[in-house]
Structures are given as C-alpha cells and as structure tokens.
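Structural overview for review
The chain contents come next:
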Amino acid sequence: MIKNVRPRPNSRPSSAPPPPASLEPTWDDETVPGLDLDDPLNEFDRVTAIPDLPSEQYVKSVMATAEDSRVPAPGTPPPRPPAPPPSAPVHVLSPDEYFSLDSDPPAAPRSADSTAPYAAIPPIPPNNAPTARPPAPPLKTRSPGVPPQSPSLTGLELADLDSPDGVSAPPQKSREQSRLDPRDPLLELSSDPPPPAAFREVAATASAIADMKDRYAMGDFSGALVIAEKVLETNPEDLEAPRYAQSCRDVLTQMYSARLGSLDQRVEVAVPSDQIRWLTLDHRAGFLLSLIDGGITVDQILDISGMPRLDALRIMYQLLDQRVISLGN
Amino acid sequence: MERVIGIDLGTTNSCVAILEGDTPVVIPNRGGYKTTPSVVAVTEAGKRLVGHIAKRQAITNAENTVYAAKRLIGRKWNSPQVKNAIMTSSYTIVEGPHADVRIKLRDKTYSVPEISSMVLQEMKIVAEDYLGEPVKKAVVTVPAYFNDNQRQATKDAGAIAGLDVIRIINEPTAASLAYGYGKDMDRTVAVYDLGGGTFDISILEIGAHGVFKVISTTGDTFLGGEDFDARIIDWLVTGFQDEHGIDLRQDRMALQRLRDAAEKAKCELSGVRETEINLPFIISTGRNEALHLQRTLARPTLEKLTEDLVERTVDICKQALTDAKLDVGEIEDVILVGGMTRMPAVQTAVTGYFGREPNKSVHPDEVVAMGAAIQGAALVQDRQDMILLDVTPHALGIMTFGSYFEELIPQNTTVPTSRTKVFTTSRDDQTAVKILVMQGESKRADENELLGEFILTGLRRAPKGHVEIEVTFEINTDGIVSVHAKDMENGQAQSIQVTATSGLTQDEIKNMMTNAEDYLVERRVDEHFEAAKQDAETLISEIERLFPEIERVVGSADFGRDAIAKARTTVERTRAAINSKDTTLVKEQVDQLSRTQRMFKGVVSRG
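Presented here is an overview of the structure given in this document. (Residues numbered from 1 in each chain as written. Chains lettered and ligands numbered in written order. Predicted model: local features only at pLDDT ≥ 70, side-chain atom pairs only at ≥ 80, totals over all residues.)

1. Examining the overall build of chain B
Which entries qualify depends on this criterion: Under the DSSP-based scheme used, a helix requires at least four consecutive residues in state H or I and a strand at least two consecutive residues in state E, with every element numbered from the N terminus. Whether a residue is buried, exposed or partly exposed is read from the other C-beta atoms within 10 Å of its own C-beta, which are placed from the backbone; 20 or more gives buried, 12 or fewer gives exposed, and intermediate counts give partly exposed. With C-beta atoms placed from the backbone, a contact is any residue pair whose C-beta atoms sit within 7 Å.
Helices and strands together make up the secondary structure of chain B, namely 14 helices and 26 strands. A buried classification covers 44% of the 607 residues belonging to chain B. Taking the intrachain contacts of chain B between residues at least 6 apart in sequence as the baseline, contacts between residues at least 24 apart amount to 66%.

2. Quick word on the overall build of chain A
In terms of regular secondary structure, chain A is built from 10 helices and 2 strands. Reading the secondary structure of chain A in the N-to-C direction produces α-α-α-α-α-α-α-β-α-α-α-β. Looking at chain A as a whole, 35% of its 329 residues qualify as buried. A sequence separation of at least 24 residues applies to 78% of the contacts in chain A between residues at least 6 apart.

3. A closer look at unusual backbone geometry
Residues and elements named next belong to chain B. Omega for the bond connecting Val415 with Pro416 falls within 30 degrees of zero, at 0 degrees, which places this linkage in the cis form. Its identity as a non-glycine residue notwithstanding, Arg106 has a phi of 55 degrees, on the positive side. Checked against the element boundaries, Arg106 lands in the loop between β9 (101–105) and β10 (108–111). Judged by local crowding, Arg106 falls into the partly exposed class, with 13 C-beta atoms found within 10 Å.

4. So, the pairing of strand β25 (residues 481–487) of chain B
All names here are of chain B. For the record, the criterion: When DSSP finds two or more bridges between two strands, those strands count as paired.
Side-chain alternation along β25 places Val481, Val483, Ala485 and Asp487 on a buried face and Ser482, His484 and Lys486 on a face that remains uncovered. Note: strand β24 (residues 468–475) against β25, 7 bridges, orientation antiparallel. Bridged to Ile469 within β25 is Asp487. Counting the residues in the hairpin turn of β24 and β25 gives 5 residues, including Gly479, whose phi is positive at 80 degrees. Here β25 hands over to strand β26 (residues 493–498) after 5 residues, with Gly491 in that stretch at a positive phi of 75 degrees.

5. Remarks on the interface of chain A and chain B
Condition: Only Asp, Glu, Lys and Arg are considered charged in this grouping, and only Ala, Val, Leu, Ile, Met, Phe, Trp, Tyr, Cys and Pro are considered nonpolar; every other residue, Gly among them, is considered polar.
The interface of chain A with chain B comprises 20 residues on the first partner and 23 residues on the second. Taken together, the elements giving at least two residues each to the side of chain A that touches chain B come down to α8 (283–291) and α9 (298–304) of chain A. If one sorts the elements of the side of chain A that touches chain B by residue count, α8(A) sits on top with 7 residues. A class-by-class count of the residues in the side of chain A that touches chain B yields 6 nonpolar, 9 polar and 5 charged.

6. Description of the sheet that holds β9(B)
All names here are of chain B. Selection rule: For helices, the fitted axis covers only the stretch in contact; all axes are lines through C-alpha atoms, and the angles between them, taken along N-to-C directions, range from 0 to 180 degrees.
Strands sit in the order β8-β9-β10 across an open sheet of 3 strands; the sheet is antiparallel. Each having just a single partner strand, β8 (92–95) and β10 make up the two edges of the open sheet. Taking each pair of neighbouring strands and ignoring which way they run, the sheet shows an average axis angle of 40 degrees. Pairing geometry for β9 and β10, over 4 bridges, is antiparallel. Residue pairing for β10: Ile103 is matched across the bridge by Tyr110. Running at roughly 85 degrees to β10, helix α3 (residues 112–131) makes contact with β9 and β10 of the sheet.

Function-wise, these values are silent; they only describe arrangement.
Dropping the structure here:
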C-alpha cells in the first residue's frame, strides 16, 4: 500500500533533473537490511522517495515499468522492449515461427514498405523531452525470399503492437493474434531479416533512458542511477545518461549525508570484534569497518576508502542503520 | 629564545623533537603517535592527506600516494635509483624541466622537495600545536651517504615548508649525539639503523669535546620493515589461497587490510609469543557470501619467514667494518635505531655478530629526532661544546686518465677548507684539459657523482707528463665548492663554482613556498571553522535535548514561549552559519548558544 502520497503542482515528470536543493533531504525509505543497492536484481525493491503522484497513477506507472523491465525467469521469453507507436509497421508471428524460429521464408509479405531500406536510427530524445517512453525505431519487414538471419526471440517479439497504451502484452497474445484474419494489414509478416544487434541496442537504450527518467521523476534515484550507469556501459557516448547519473549521485549523496549528520563525527564500531563476523556484510563494508580505529571521522573514511564517495556514504549509512557503527564527537 | 625543532625526515616515518630544558622531548602528533608516516596522497576530491591517514589508503589509492620520496630527493632523472623507482613505484614519476624528478598526483605535477616539504610542514604543524607558537627554525637529519645535491634538496624542502633549516646533520651522527648526550665519552660505536624502508649501518668515532666522525657508512635502500611485512602478507595470502582458492592480492581493499594487519602483527610479536590476525569479510565470493581470514602467527614462524632479511643486515654490517678497517671487537657499543630493531630476532642477530648486547638506553624510533633537537638547541644557544662541525659528507676530487677518481678533499673534512694538487697532461701535444669535478668515495669516477666540468685551454704543446696543471679545491663556509685549474708554466687559468642544487630554481622554490603558505592558511581556517562548528553542534544537541523539559517547566507562560522561540531561532541561525561556512558567525552563535544553554539549565534545575 502506498502511504503519504502527496499531490504535487506538476505531476508530469520532467526529463530535466530538478535541482538537488528542491529535494527533501529527510526522505525515508524501508531499507532492507543487507540490501545490495548495486544489485540490478534488487532494483525494484528500492524506493528512495515517496512519489509525488496520485496513487493510481503511481501504481500504474510502477506496474508498467516493472512489466517492461522484469528479469525473466528461466524458460520464459525475454522482456519486451517498448512498443513503437501504432503507426509503425507491424510484424506479427505465427505460433510456429514464434516457437520454432524456422528459417524458411514466411508467406509473401504484403507490407507496402517491405522492401524499404532500414529506417535511420532515431535520435535519443533531447534533454527537455518529456519522460514518456520514446517511440521505438520503425521496423523493417522482410524482403521476399530472404530467409530470416538467426532471429532471436527479442527481435521477433517486437511484432506485438496491439496494446493501445503501448504496453507490451505477454507472448500468449501473439498466438491469439495469429488466429485472426490473415488479411489484416496489422498481421502482415515481414520477410526482412531481423534488425541488427546495433539496432536492437539503440532501442534498448531508448527504453532504458525512458525508464531512467521515469524513476528519476518518481524519486527512485538509486534505480535511475543503476540504469544510467548501465546505459553508459553500453553506450558511453550517450548525452543524457551522464547528466542523470551525476544528478542522481548528487541527490543521493545529499540524502545519505543528511542521514549520517555531520561528517566530522568520529566513528566507532558498536559491535564487539568477535561478533563482527556473524553480521551480514560484504567485503566492502568489512573494509570500511577495518578503517575504523576510534579516532577516524566519517569524512576521513570517505577520503581514504578508495571507493566512490556515494558508495562509501551508502555503506556507512547502512552500517549505522544496522547499528554496526556509532557516531559521536 | 627562539625554539629550534629537530626533524628526523625518514624514508617511511618522520619524527619531530624539541629540547625542553635539558631534556629532548619527542612531540606526538594529533593521533597521539610519536612518528608520522612520510606518506603524502591526494584524494579523488583533491584533498591532500599526509601521515597515517595517507598511509591507510596507500593501496586503495596507490597511483596518487607517494611513499619513500626520500629515495628520489636530489636525484637526477637519469640516475639508476630513479630508473629503479620508476619500475617499482605505483605513482607516476616524470622528468622535470631541469633533468630533475617530478611526481604526478591526479592532475598536478610536484617536485620531490615539494612532496617532502608536505611531510616537513606536517611536522612543523605538530610542533606548533604542541608549543602553541610558530616555529621557524629546524635541524633536519639525512642519511650519511646523501650527497650535496640531496642535502640541498632537503634544505629546499624545508624552505618550501616555511622552515629555515639551520643545519643538516647525518642520521647516525644525530643518533650518536642523543646517545652520548650528557656523557663525556670517547669511543667507537656502530649505529645499526633498520627502518621501515632502508637499512643503514654506520661506524662512528665519538671523541671528547663533541667530535662525531663517521668512519664508514653503508646500507641497503631497499631493505626495511616493509620487507618483513611483505613476508607476512605472502604467508597470509598463500594460506588463504590454499584454503579457498582465491588470491587476495587481486583485491586492493583486501591487500590494504593485509598490509595493515601484517604490520600490526609484526609489531605485536616483538612483545608477545603469538598473535591472532582476524580480518572478517576480507573478500566476497558472490552474492551475500563473504569470506573471513583468521590465522594465528607465532613468533618462531615470523622469524623463519624473515630469517634471510636479518642475515642480510649482518652481511652489510661486515662490509661497514671492512670499509672502516676495523675489527668487530673494536666496536665498543651498538646503538639501535628504527622500529624494526625491536624485533627480538634482530637484536639476537646484532648481539651475535658484534659479540655484545646492543645499547638500549635510547628509543630506536626517537633517537635521531632527539639528536637533531639537541643540535638545534646547541646552535641557537651557541654551546660550542655540543656543536657538530660541518664536514664534507663525501670526498671531492677530479677524474683522471683511465676514468679514475683522484681525491683532493677527503670525506669528513671540516669546512671551510682548501686543497691543491698538481696534475700533468696524459697525451703528447695536449693543448686542452677537461676537469671533471666529482664527489664520492669510489676509485672509479663513473661510480661517483659528477658535480660539474670545465675546460682549461691554451696549454703548451709538449710530450705527455711535461705540462703541469695545478688544481685547487676550495669549500667556503656556505658549502660552495670552487675549483681552479692553472697551467703552472704560462699562468693560463680557468675555474668553476659548484653549488649544490635540488633541481629547482629560486623562482620555483618561491612559488612553492607561496603555495605551501596558502595551503597552511587554508588549513588553519578550516581547523578554526571545524572547532567552532563542533562547539556549536555540541551546544545545539544539548539545547535540543533540553527543549521538552523547558517546555514542560515554563508551560504556557509568555516569557517561556518567547525564550523557546528565541532559542529555536538561535539554533536555526547557527545551522545556517555552519552551512555558509562562516567561522566568525558560527563563533558568535556559539556565544549565544552558550548563554541559552546556561539559561535553560538554570530553569530546568529550578523547575
């Protein structure tokens, strides 16, 4: 259940990161003890701020985001990239094609643009663009007689476009569609080869950027940062991700600093040394603990930790939260 | 009278002392330690770290942490020691504009004297905090084998740090001075100095009336406590790898912890028979799984691990005695210097070789700084009986035919001095001669340091050996060496003046001094702010603790409400002042907070 949902003047998420000063430094969350915030598998467990959205809208957006980004269980089809707008060419699979990935050419294409060259890769939305999911790049239909080149499930799933709101439907939907009128232009099959890997990467990046913006707008700065860093790993040239990443880092740094209080406080280990090994910590927390000698301050630990300041702050906060350390003058 | 501090600027640790009354006192740093690691680092945020704090991040921030800068000070870029350091150092060493050595930290390049000045500045601050007054003068110690350039570079480092280095003295001499302080003795001693990174053995003659003569000195600049630590680290890493199949060296954080733990265990084993090394969460193997390292190290194990290192020091001792042309039985006392000499195995080895128990009347970590402090006080008090004579640290001479070194001024000659020698031409019809001025003790010229060169031309054409050239070496009171060469027949003369150089120009030194002063001012401002901030935060927390009680006591009285509102405003203003980093304002607010706190406490005690 969502509590303390507060209306805000402009609930439309903006792509431009708000100035850090406008953020609530005394945010609260339900931090899971021992949670590894860098772990992408846990990224949906994190809520770093109470969103300023109407509750229904918030639930809807969270569900949509989760549906898009859920990590697949073994044996399930991979996640669907965001759907292109309704005007995009349609590429629907037959059940056989979907499951067997047969390399035989499909039925003759009826798409008007089936022989058209690949569309240009769409640019990443500008910085001031709204955070709505960006349109996926237009898809190519296959040329007659050209066998599909090692089609992947991810590439073929892009055909599912009948969701009116742009949210991808589960794979069963595609099989239902295949029983519909074959003359329906929306069901035309393309004989073009699947989009190349670079093309799919761009689509994935666009989706991730949108997800990042959504999370940022909702106050999930940790989640937005994880996505921004992933985007930068695959596409270091991206212009928006660094900006968001930096803004997230700034905000999170402020938040953790506010939680810890004065960074000039001396740190002490609050757990007897013989009991430390029974705690649930990782080696990085263990390393920070090893730096505590009774005379060292939080700021000095951040200086000498050798890890990014934000990471060190977060771990220090977790250690404080778990009462492994105590602070004082 | 002006105070003069004595600084032992070590390769791995530094120490500062002062003479209080007649007693040399070592000054502890803020952490309470009497020695400060000679380590300088620059953090990612551009903050300068010096001492223990820098050492504790030496592995995790290895590229931006300078240790053992002393091995590089005053060296030329093309010297073998620099080439070796480039291969072994984790930080970047680059060539300076004057064929000197520079060190790159983050986006800035520093000269070696500049790095050493940061350590000296730290020692100066430690002394000033202790004395409560500014310190301007210092005596700094250097190894006996340092040449003029290295000594000059150390002086320059002092100048950059804002210190007038009134005398540079040899480390073994300083140790002997502290050892012989207050005693009138005449004996030959060995100073066995096993520090963190280097080993030196010096044989000295301590004569009556304060004559300290270094007869021989030798050592290994890559043998010290760190090598002992490395053996313990190897032992721990191998054991862990056998047990878990993981090489801890691959993880910087694990390695940093291993290094700290190894040093701690080594120190503990000087006092106890065994110690436990406990490093929980040393490394993660995957999700939610971290491994712990827990081992017990016994003293015999450590001794076995480091046996060969101790033996190496004994071999070097033999060499020093050979150089001094002395028999081991002629050594009347052995002075131990350096923390590593606390290790029982080292003491046993020293006792075994010299055939006598080493002298334990002086503290091995502090004795050198104490000697420097004694010398500093003697200089300002003009106590002639204790003032060391300024001597040439190395022999001076010229290169002769066949690349031999011909000595003119022997090592340990008191300055000022002048010596002359006559040379002849080495070829028939030789009309010019090249004079290469060198410093060192080796018979081979290429093993000594080249100080300068000049050519004397216009010689008469004659068979070899027939033209005589008089060469004169002069060292004045400032240590400036002048060399004159004169054709004794036609009076044709040429000369050169050799001034020791650190590789820095006067302008560069001035610039660095300004930067160091700025840093010091900035640091003092920060310290004042932090002190005021801490006072303010303590008072705020006390006042906030009292608020509920005050509200309960004064109830709904108008006066009480006003007082509480004013107090809250004061607290808010203080917080704003802290945020704006306004020291003056924070101090003003502290006064107000103090008044508020007193008033609240009074009300609560009455209520």
